[in-house]
Amino acid sequence: MKLSILGPPGAGKGTQAKKIAKQYGLVHLSTGDLLRAAIRDQTPLGQQAEPFVVSGRLVPDEIMVGVLEEFLRKQMDGAGFVLDGFPRTLPQARALDETGRRLGQELDRVVQLAVADQVSVERIAGRRICPQCGREYHVRFRPPKVAGVCDRDGAELIRRKDDNEAAVRERLAAYHRQDDPLLDYYRKQGLLSEVDAEGDVETVFQRIRTALNGIEAAPRKRGRIATKE
Ligand code: ADP
Ligand code: AMP
């Protein structure tokens, strides 16, 4: 199964992509996580991407398309993947199609997590991250057992640098500049499942599973991912 999860910042893409990856035995690629790790390590990619990510702007397509191609090449013998945060623009979607065709890695389905902007903002405002293991919390909806501290390793939770008001406004605006053409592109190909992503994490996950029902069966028939589930 080869999926992409779309949706505004804070819609729950990372949260759901991790659950989907576990459920279906897929590799999870979060381009946001990948960029944040590159920035932390100050790799050439991280140095190029940093000013964009910190201010909430999209990293240029040429850079992101290169990142994606490298990922797809590594997955060529794999059971499948779930992309979280890619594509973000029409040129990225076209490049994914073209590279996917060339490498035999075309998407089976695109899931759009639909939430109102107000819900995005509320989820982002309460998001907290463990700087050590990357686990995500929400102060209200997914609180750690002890406030401000990671359940797994006891590290002090932090906010993402781009989860400030100005960057969130820019990220939402960037999303709304791209979402209509991107969704249309996948709708026309019959690949798009629009899922209501308001509600708790489990409720949303069950809706996604329902949306994936048809393609869940297909790989099993071909016997490709049965052992990974
Ligand atoms: P995205 O990857 O789309 O930016 P995240 O998965 O990081 O979004 O979710 C944003 C924040 O909202 C996180 O703090 C997460 O714990 C919380 N969250 C995710 N899904 C839900 C949900 N269904 N209900 C309430 N909070 C949620
Ligand atoms: P995310 O973790 O998905 O919220 O992404 C965080 C930030 O990383 C975004 O605001 C962008 O600056 C950058 N980013 C992640 N994925 C992409 C992409 N596909 N295209 C451009 N920029 C991206």
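Residues numbered from 1 in each chain as written. Chains lettered and ligands numbered in written order. Predicted model: local features only at pLDDT ≥ 70, side-chain atom pairs only at ≥ 80, totals over all residues. Heavy atoms only, no water.

S.K.: So what exactly am I meant to see when it comes to the overall build of the chain here?
M.R.: Of the regular secondary structure elements, the chain holds 8 helices and 7 strands. When the backbone C-alpha atoms are referred to their principal axes, the chain occupies close to 45 × 35 × 30 Å. By the burial criterion, 48% of the 229 residues in the chain qualify as buried. Accessible surface, the chain as shown: approximately 11600 Å² in total, 51% of it carbon and sulfur. Computing the positive centroid from 38 side-chain charges and the negative centroid from 33, the chain places the two 3 Å apart. (Helix = DSSP H or I, 4+ residues; strand = E, 2+ residues; numbered from the N terminus. Buried < 20%, exposed > 50% of the residue type's maximum accessible area, 1.4 Å probe, protein only. Areas by Shrake-Rupley, 256 points an atom, 1.4 Å probe, with all protein chains shown as cover. Lys, Arg positive; Asp, Glu negative; His and termini not counted. Charge placed at Lys NZ, Arg CZ, Asp CG, Glu CD.)

S.K.: Please clarify how the site of ligand 2 should be interpreted in this entry.
M.R.: Near ligand 2 lie 16 residues; those nearest to it are Thr31, Arg57, Gly85, Gln92 and Arg160. Here a nitrogen atom of ligand 2 and a backbone polar atom of glycine 85 are 2.9 Å apart. One nitrogen or oxygen atom from the side chain of arginine 160 is found 3.0 Å from an oxygen atom belonging to ligand 2. When ligand 2 is considered free in solution it has 480 Å² of accessible area, and contact with the protein chains removes 96% of it. Taken together, the residues of the shell around ligand 2 sort by class into 6 nonpolar, 4 polar and 6 charged. (Near = heavy atom within 4 Å. Polar contact = N/O pair within 3.5 Å; in protein donor to acceptor, adjacent residues only side chain to side chain. Nonpolar A, V, L, I, M, F, W, Y, C, P; charged D, E, K, R; others polar.)

S.K.: Explanation requested: the site of ligand 1 in the structure shown.
M.R.: Around ligand 1 lies a shell of 18 residues, among which Thr15, Arg127, Glu136, Tyr137 and Gly199 are the nearest. Threonine 15 is positioned with one of its side-chain polar atoms (N or O) 2.6 Å from an oxygen atom of ligand 1. A distance of 3.4 Å is found between a nitrogen atom of ligand 1 and a side-chain nitrogen or oxygen belonging to arginine 123. Compared with its free state, where it exposes 560 Å², ligand 1 has 95% of that area covered by protein.

S.K.: What should I look at first to understand the packing of helix 6 (residues 117-125) against helix 7 (residues 165-188) in this one?
M.R.: For any two helices packed against each other, the geometry comes down to the angle between their axes and how far apart the axes lie. In contact at an axis separation of 11 Å, helix 6 and helix 7 are set at 140 degrees when each is read in the N-to-C sense. Comparing their axes, helix 7 and helix 6 come out oblique. Taken as a pair, helix 6 and helix 7 cross one another with a handedness that is right-handed. In this structure, helix 6 contributes Asp117, Ser120, Val121 and Ile124 to the contact, and helix 7 contributes Val168, Arg171, Leu172 and His176. Here the residues of the contact of helix 6 with helix 7 sort into 4 nonpolar, 2 polar and 2 charged. (Axes fitted to C-alpha atoms, helices over the stretch in contact; angles between N-to-C directions. Parallel < 35°, antiparallel > 145°, perpendicular 65-115°, else oblique. Left-handed = near helix turned anticlockwise from the far one by under 90°. Contact = heavy atoms within 4.5 Å.)

S.K.: Just to check I follow, could you spell out the sheet that holds strand 1 (residues 2-6) for this structure?
M.R.: As a general point, the strands of a sheet are linked pairwise by backbone hydrogen bonds and lie either parallel or antiparallel. Here 5 strands make up an open sheet; going across it, the order is 2-3-1-4-7 and the pairing parallel. Unpaired on one side and paired on the other, strand 2 (27-30) and strand 7 (192-196) mark the two borders of the sheet. Neighbouring strand axes in the sheet, compared pairwise and without regard to direction, differ in orientation by 20 degrees on average. Note that strand 4 (residues 109-114) and strand 7 share 5 bridges and pair parallel. What sits directly across from glutamine 112, in strand 7, is glutamate 194. (Pairing = 2+ DSSP bridges.)

S.K.: Would you mind showing me how to read the pairing of strand 1 here?
M.R.: Each regular strand shows side chains that alternate between the opposite faces of the sheet. When you tally the buried positions in strand 1, you get 5 out of 5 residues, the bulk of the element. Here 4 bridges tie strand 1 to strand 3 (residues 81-84), and the two strands are oriented parallel to one another. Note that in strand 3 the partner of lysine 2 across the bridge is phenylalanine 81. Note: strand 1 against strand 4, 4 bridges, orientation parallel. The partner of serine 4 across the bridge, within strand 4, is valine 110.

S.K.: What am I meant to see in a positive patch on the surface here?
M.R.: Taken together, Lys18, Arg135, Arg142, Lys145 and Arg152 make up a surface patch of like positive charges. Tracing the chain through its elements places lysine 18 in helix 1 (residues 13-24). For lysine 18, a relative accessible area of 37% puts it in the partly exposed group. (Patch = residues over 30% accessible without salt bridge, like charges linked within 9 Å, V, L, I, M, F, W, Y side chains within 5 Å. Salt bridge = Lys/Arg side-chain N within 4 Å of Asp/Glu carboxyl O.)

S.K.: Help me understand the nonpolar core in this model?
M.R.: One broad trend across soluble globular proteins is that nonpolar side chains are buried collectively. Core analysis: the biggest nonpolar cluster contains 27 residues, and Leu68, Leu83, Leu96 and Tyr186 have the highest contact counts within it. Contributing elements (two or more residues each) for this core: helix 2 (31-40), helix 3 (44-55), helix 4 (61-74), strand 3, helix 5 (90-103) and helix 7. When residues of this core are assigned to their parent elements, the largest contribution, 5 residues, is made by helix 4. Among the nonpolar cores identified, the runner-up in size contains 21 residues, and Ile5, Ala17, Val111 and Val195 belong to it. (Core = buried A, V, L, I, M, F, W, Y, C linked by side-chain atoms within 4.5 Å.)

That's the geometry; what it means functionally is another story.
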